[in-house]
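Structure assessment
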Amino acid sequence: MPGYARKTRTMTDTIRTRTTWTCCPAVHARSPKPIHGGRRSGKSKLVELLCERGAGSIDLDEINRALISGNAMLISELAARFGEEILDEDGAVIPARLAHVAFASEQATHDLNAISFPYIMQAATNYILNVECAPRTDAKILVVEVPLLTEAPDFARLADEVIAVTAPSDLRLARAVARGMDASDVLARMRAQPTDAERVLIADTVCENICSIEELGDWVDAWYDERMKMLGNRES
């Protein structure tokens, strides 16, 4: 089984400030840190290790899965664009069928993102903040696993740091196949998604994830400790 990470290629000394959640400026200390990367780049493992150290997390893929199974307005828009054949007998989206048509062309992928992202964004905002615009989590660091951040720049503008997780495409393909995925399906999805070079362009920090989980853990320790120190300096 291919391993995980090498040390970061870029580690910012100062966290860049972008627009934070507009309804509640006090949330700035917990502005989300998007983590994005290609399929099987290891972004989920990175999030898992950060949570073990005390970070809070949101998985936009998980939010999307919940939305396409239960949000009637989103389901209706997807069916109108991609056809009723993406739905099961109960009217919920069948993810594999949606993926088959949505990743068939660049335009179809663009349309999928344009339809889905506003719903995902709203759900993520509602998760992070309650109705009084108070933080839902006490975690000092909140990471958000974002599959296609390059297709959703508005989300990047809500962050104070963007992390890109990279790995060679052949390694990512091997990881996916080892998990039981069909190689041709994985390749089609990879071709429809941004390249690592495009992901790095919008990142503040890059984790090149090609070695062992232990080394990824070392990377996480260094990154997490540095960010906690930065937050401590801000609050003092």
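Here's a quick rundown of the structure. (Residues numbered from 1 in each chain as written. Predicted model: local features only at pLDDT ≥ 70, side-chain atom pairs only at ≥ 80, totals over all residues. Heavy atoms only, no water.)

1. Considerations on the pattern of salt bridges
For clarity, the cut-off: Basic side-chain nitrogens of Lys or Arg form a salt bridge, by our definition, when they fall within 4 Å of a carboxyl oxygen of Asp or Glu. Put simply, DSSP H or I for four residues or longer makes a helix, DSSP E for two residues or longer makes a strand, and each gets a number counted from the N terminus. Only protein chains enter the accessibility calculation, which uses a 1.4 Å probe; a residue is then buried when its area is under 20% of its type maximum, exposed when over 50%, and partly exposed in between.
This structure, assessed with the given rule, holds ten salt bridges. Among the ionic pairs, Arg-227 bridges to Glu-161, the shortest N-O distance being 2.6 Å. With Arg-227 in helix α10 (residues 213-235) and Glu-161 in the loop between α6 (153-156) and β5 (163-166), the pair connects residues that are 66 residues apart, well separated along the chain. In this structure, Arg-227 and Glu-161 share a single accessibility class: buried. For Glu-226, the salt bridge is made with Arg-227, and the minimal N-O distance between the two is 3.1 Å. Here Glu-226 falls in the partly exposed class, since its relative accessible area comes to 23%.

2. Looking at the layout of surface pockets
Quick reminder of the rule: Only protein atoms enter the calculation, which uses a 1 Å grid: trapped sets of points that fit a 1.4 Å probe without letting it out are cavities, open sets showing protein on both sides within 12 Å along at least five of seven lines are pockets, and any residue with an atom within 4 Å of a point is a lining residue. Grid points are joined across faces, edges and corners, and a volume is the space filled by probe spheres set on the points. Residues are grouped as follows: Ala, Val, Leu, Ile, Met, Phe, Trp, Tyr, Cys and Pro are nonpolar; Asp, Glu, Lys and Arg are charged; every other residue, Gly included, is polar.
The space that makes up the second largest pocket amounts to roughly 200 Å³. In terms of lining residues, the second largest pocket is bounded by 13 residues, among which Glu-106, Thr-109, Arg-191, Ala-192 and Gln-193 are the most central. Among the secondary structure elements, those contributing two or more residues to the lining of the second largest pocket are α5 (106-128) and α8 (183-192). No other element matches α5, which puts four residues into the lining of the second largest pocket. Across the lining of the second largest pocket, the residue classes tally to five nonpolar, five polar and three charged.

3. With respect to the packing of helix α1 (residues 43-52) against α10
Rules: What counts as an axis is a line fitted to C-alpha atoms, over the stretch in contact for a helix, and the angles between N-to-C directions run from 0 to 180 degrees. Angle categories are assigned with fixed cut-offs, so that under 35 degrees is roughly parallel, over 145 is roughly antiparallel, 65 to 115 is roughly perpendicular, and the rest are oblique. Helix crossings get a hand from a simple test, with the near helix turned counterclockwise from the far one by less than a right angle marking a left-handed crossing and a clockwise turn marking a right-handed one. Should any heavy atoms of two residues lie within 4.5 Å, those residues are counted as being in contact.
The interhelical angle for the contact between α1 and α10, taken along N-to-C directions, is 55°, at an axis separation of 10 Å. Between α1 and α10, the angle falls in the class oblique. As α1 packs across α10, the resulting crossing turns out to be right-handed. Of α10, the residues touching α1 (which contributes Lys-45, Leu-46, Leu-49 and Leu-50) are Ile-213, Leu-216, Gly-217, Trp-219, Val-220, Trp-223 and Tyr-224. Among the residues making up the contact of α1 with α10, the classes are represented as nine nonpolar, one polar and one charged.

4. Section: the environment of Arg-175
To keep it simple, the criterion reads: Any pair of nitrogen or oxygen atoms within 3.5 Å is treated as a polar contact; in protein, a donor-acceptor pairing is required on top of that, and neighbouring residues in sequence qualify only through side-chain atoms on both sides.
Note on placement: Arg-175 falls in helix α7 (residues 169-178). By relative accessible area, which is 2% here, Arg-175 ends up buried. Sequence separation of Arg-175 and Ser-41 is 134 residues, and the distance between their C-alpha atoms is 8.6 Å. Within the structure, Arg-175 has its side chain in polar contact with the backbone oxygen of Arg-40 (distance 2.9 Å).

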